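Chain and residue survey
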Amino acid sequence: MEKITLELVKEIIAGAEEEATKIGVAMVISVVDDGGNLMAIHRMDDAWLASIDISQNKAWTSVALKMPTSNLADATVPAAELYGLNTTNNGRLVVFGGGIPLILNGKVMGAIGVSGSSVPHDMQVAEAGANVFNKH
């Protein structure tokens, strides 16, 4: 696979939505390509409007920093090494869980970002989507 395709993105979103439905939470699921460009966004019925931007920014952060957004949580609290990181890049960096890079053979191909509930739920749903990618 050279680039992530829209067909695969649809499968990733479907896997994430299935997990969100299982836990009973309406989510916004975004997938970006390796350049951080939005490929698709899916807002489940009654999902929070604020989650539209948050999910996209989680996915973008994962591509931009080549890591899950959850990796940033401890390093960005007051007095930590990266405190204030979330104020860079026009406030686009998200420093809590829900964004996961989609990696193939050590290369970041894109990322999924999920928002709409607690951080553990966002991470669970994002992982479900990432798992679909990992099966390809």
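Keep in mind that what you see is a predicted model, and the values were worked out from it rather than measured.

An order of 2-1-4-3 is seen for the four strands of this open sheet, with the pairing classed as antiparallel. Edge strands, defined here as strands with exactly one partner in the open sheet, are strand 2 (38-43) and strand 3 (99-104). Each neighbouring strand pair of the sheet contributes to a mean axis angle of 15°, computed without reference to strand direction. Each of strand 1 (28-33), strand 2, strand 3 and strand 4 (107-115) is contacted by helix 2 (residues 50-65), which is oriented at about 155° to strand 4, the strand it contacts most. Sitting on the sheet, helix 3 (residues 119-134) is in contact with strand 3 and strand 4, with an inclination near 15° to strand 3.

The subject of this paragraph is the environment of Ala-111. Residue position: Ala-111 is located in strand 4. Each C-alpha atom of the pair Ala-111 and Ala-128 lies 12 Å from the other, and the pair is 17 residues apart in sequence.

Attention shifts here to the packing of helix 1 (residues 6-23) against helix 3. Closest axis-to-axis distance for the helix 1/helix 3 pair is 8 Å, and the angle between their directions is 145°. The interaxial crossing formed by helix 1 with helix 3 has right-handed handedness. Residue-level inspection shows Leu-8, Glu-11, Ile-12, Gly-15, Ala-16, Glu-19, Ala-20 and Ile-23 of helix 1 in contact with helix 3, the latter providing His-121, Gln-124, Val-125, Ala-128, Gly-129, Val-132 and Phe-133. Looking at side-chain class alone, the contact of helix 1 with helix 3 contains nine nonpolar, four polar and two charged residues.

Before going further, it helps to spend a moment on the nonpolar core. The biggest cluster of nonpolar side chains holds 23 residues, and the ones touching the most others in it are Ile-4, Ile-12, Met-27, Val-31, Leu-102 and Ile-112. Residue assignment for this core shows that the elements contributing at least two residues are helix 1, strand 1, strand 3, strand 4 and helix 3. Looking at which element gives the most residues to this core, the answer is helix 1, with six residues. Contact partners of Val-31, with chain neighbours within four places excluded, come to Ile-4, Val-9, Ile-12, Ile-13, Asn-37, Leu-38, Met-39, Ala-40, Leu-102, Ala-111 and Ile-112.

In this section: unusual backbone geometry. Of note, Asn-89 is a non-glycine position whose phi angle comes to about 55°, a positive value. Locating Asn-89 in the fold gives a position in the loop between helix 2 and strand 3. Located in the positive-phi region is Asn-90, a residue other than glycine, with phi close to 55°. Within the element layout of this structure, Asn-90 appears in the loop between helix 2 and strand 3. For Asn-90, a relative accessible area of 84% gives the class exposed.

Bringing the side chain of Ser-30 into the picture now. As for its position among the elements, Ser-30 is in strand 1. For Ser-30, the side chain forms a polar contact with the side chain of Ser-55, separated by 2.7 Å. Ignoring anything within four residues of it in the chain, the contact list for Ser-30 reads Leu-38, Ala-40, Ile-41, Ile-52, Ser-55, Gln-56, Ala-59, Ala-111, Ile-112 and Gly-113.

Procedures and definitions
- Residues numbered from 1 in each chain as written.
- Predicted model: local features only at pLDDT ≥ 70, side-chain atom pairs only at ≥ 80, totals over all residues.
- Heavy atoms only, no water.
- Pairing = 2+ DSSP bridges.
- Helix = DSSP H or I, 4+ residues; strand = E, 2+ residues; numbered from the N terminus.
- Axes fitted to C-alpha atoms, helices over the stretch in contact; angles between N-to-C directions.
- Contact = heavy atoms within 4.5 Å.
- Left-handed = near helix turned anticlockwise from the far one by under 90°.
- Nonpolar A, V, L, I, M, F, W, Y, C, P; charged D, E, K, R; others polar.
- Core = buried A, V, L, I, M, F, W, Y, C linked by side-chain atoms within 4.5 Å.
- Buried < 20%, exposed > 50% of the residue type's maximum accessible area, 1.4 Å probe, protein only.
- Polar contact = N/O pair within 3.5 Å; in protein donor to acceptor, adjacent residues only side chain to side chain.

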